[in-house]
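# Examination of the molecular architecture
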Amino acid sequence: MAAARDRRCSIVALALLAGFMVWFAVDGRGGAADMTVTTDRERADALVTAYARHVGAGRRTLDAGGDVSFGSSGLHYDAARAVLTGRVFVNGASLRTAKPEGQANYRRMVGALNDPAIGGMFERGGGVFVLDEAREAYSLVVDFPVATTDRATLIARMETLQDIAAAWTTRWFFRVAKIMHGHEPAPTVPVTRATDPG
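Residues numbered from 1 in each chain as written. Predicted model: local features only at pLDDT ≥ 70, side-chain atom pairs only at ≥ 80, totals over all residues. Heavy atoms only, no water.

Turning to the packing of helix α2 (residues 40-54) against helix α4 (residues 151-180), a few remarks are in order. Direction vectors running N to C along α2 and α4 enclose 55°, while the axes themselves pass 9 Å from each other. Compared by their axis directions, α2 and α4 come out oblique. For the pair α2 and α4, the sense of crossing is right-handed. For the pair formed by α2 and α4, the contact residues are A46, L47, A50, Y51 and H54 on the first element and R151, L154, I155, M158, E159 and Q162 on the second. (Axes fitted to C-alpha atoms, helices over the stretch in contact; angles between N-to-C directions. Helix = DSSP H or I, 4+ residues; strand = E, 2+ residues; numbered from the N terminus. Parallel < 35°, antiparallel > 145°, perpendicular 65-115°, else oblique. Left-handed = near helix turned anticlockwise from the far one by under 90°. Contact = heavy atoms within 4.5 Å.)

What follows covers helix α3 (residues 100-114). Within an α-helix, residues lying three or four positions from one another point in the same direction, as the helix has 3.6 residues per turn. If you check α3, its first and last C-alpha atoms are 22 Å apart, about what 15 residues at 1.5 Å a residue would give, namely 21 Å. Among the residues making up α3, those that are buried are M109, V110, A112 and L113. End-on, the buried residues of α3 take up no more than an arc of 160°, which puts them together on one face. In α3, the exposed residues that point more than 90 degrees away from the buried face are P100 and E101. Residues of α3 that are buried make contact with β4 (128-132), β5 (137-145) and α4. (Expected span 1.5 Å × (residues − 1). Buried < 20%, exposed > 50% of the residue type's maximum accessible area, 1.4 Å probe, protein only. Arc of directions from axis to C-beta.)

It is worth spelling out unusual backbone geometry at this point. Here A82, not a glycine, exhibits a phi torsion of approximately 55°, which is positive. For A82, the location among the structural elements is in the loop between β2 (73-78) and β3 (83-92). Note on A82: relative accessible area 19%, which makes it buried. You will see that E136, though not glycine, has its phi angle at about 55°, which is positive. The topology assignment puts E136 in the loop between β4 and β5.

Moving on, we come to the side chain of S73. Relative to the assigned elements, S73 resides in strand β2. A polar side-chain atom of S73 sits 3.5 Å from a polar atom in the side chain of Q162. Setting aside residues up to four positions removed in sequence, S73 forms contacts with Y51, R87, V88, M158 and Q162. (Polar contact = N/O pair within 3.5 Å; in protein donor to acceptor, adjacent residues only side chain to side chain.)

Pairing between the strands of a sheet comes from backbone hydrogen bonds, and it takes one of two forms, parallel or antiparallel. The antiparallel open sheet is built from 5 strands, whose spatial order is β1-β2-β3-β5-β4. Single-partner strands in this sheet number two, and they are β1 (67-70) and β4. When strand polarity is set aside, the average angle formed by the axes of neighbouring strands in this sheet is 30°. Judged from the 9 bridges that link them, β3 and β5 form a sheet pairing that is antiparallel. The residue bridging V88 from the neighbouring strand is L140, located in β5. Running at roughly 170° to β4, α3 makes contact with β3, β4 and β5 of the sheet. The strands touched by α4 are β2, β3, β4 and β5; relative to β3, the strand with the most contacts, the crossing angle is about 25°. (Pairing = 2+ DSSP bridges.)

As structure tokens, this is what we get:
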């Protein structure tokens, strides 16, 4: 009788252990979670969840439109390209309330930010600028191919992008605006966080 009870307890314990191991892998706290991913969308969601946990946002995934925001940063999945685009807010753009010439200047500014001779002279961490008219925001964005990006790389690059965006918000964005309007010459040597620590 006691032997049968011990055997049942052992079977229950093994079942619980197996269940915990599956949860551990699927939940993303174990190293094998990527083995359970079968589609690009699932891989993108796993990357999003890893980044969400890193920033203290719990177990977040992409919404129906393939997007997720974390305050000043966010990720967007482009299924056609199988790419997860990381974005970090740099500055606002009051397009809705601006007059037509103001709206034209906001749109012109994104060109200056991405011009190799103007904004390209300032550190961008491999990113490019976009003007998101719906969000009324300039963001620095970087693409992450979901097939080849691991969690550690995504987190590290997003952290670096946040640091670079802070320099843009506090210093470089307004310098580029002055250059665009002819009030300041463009730099002749690259400007980085190391050379311009603020």
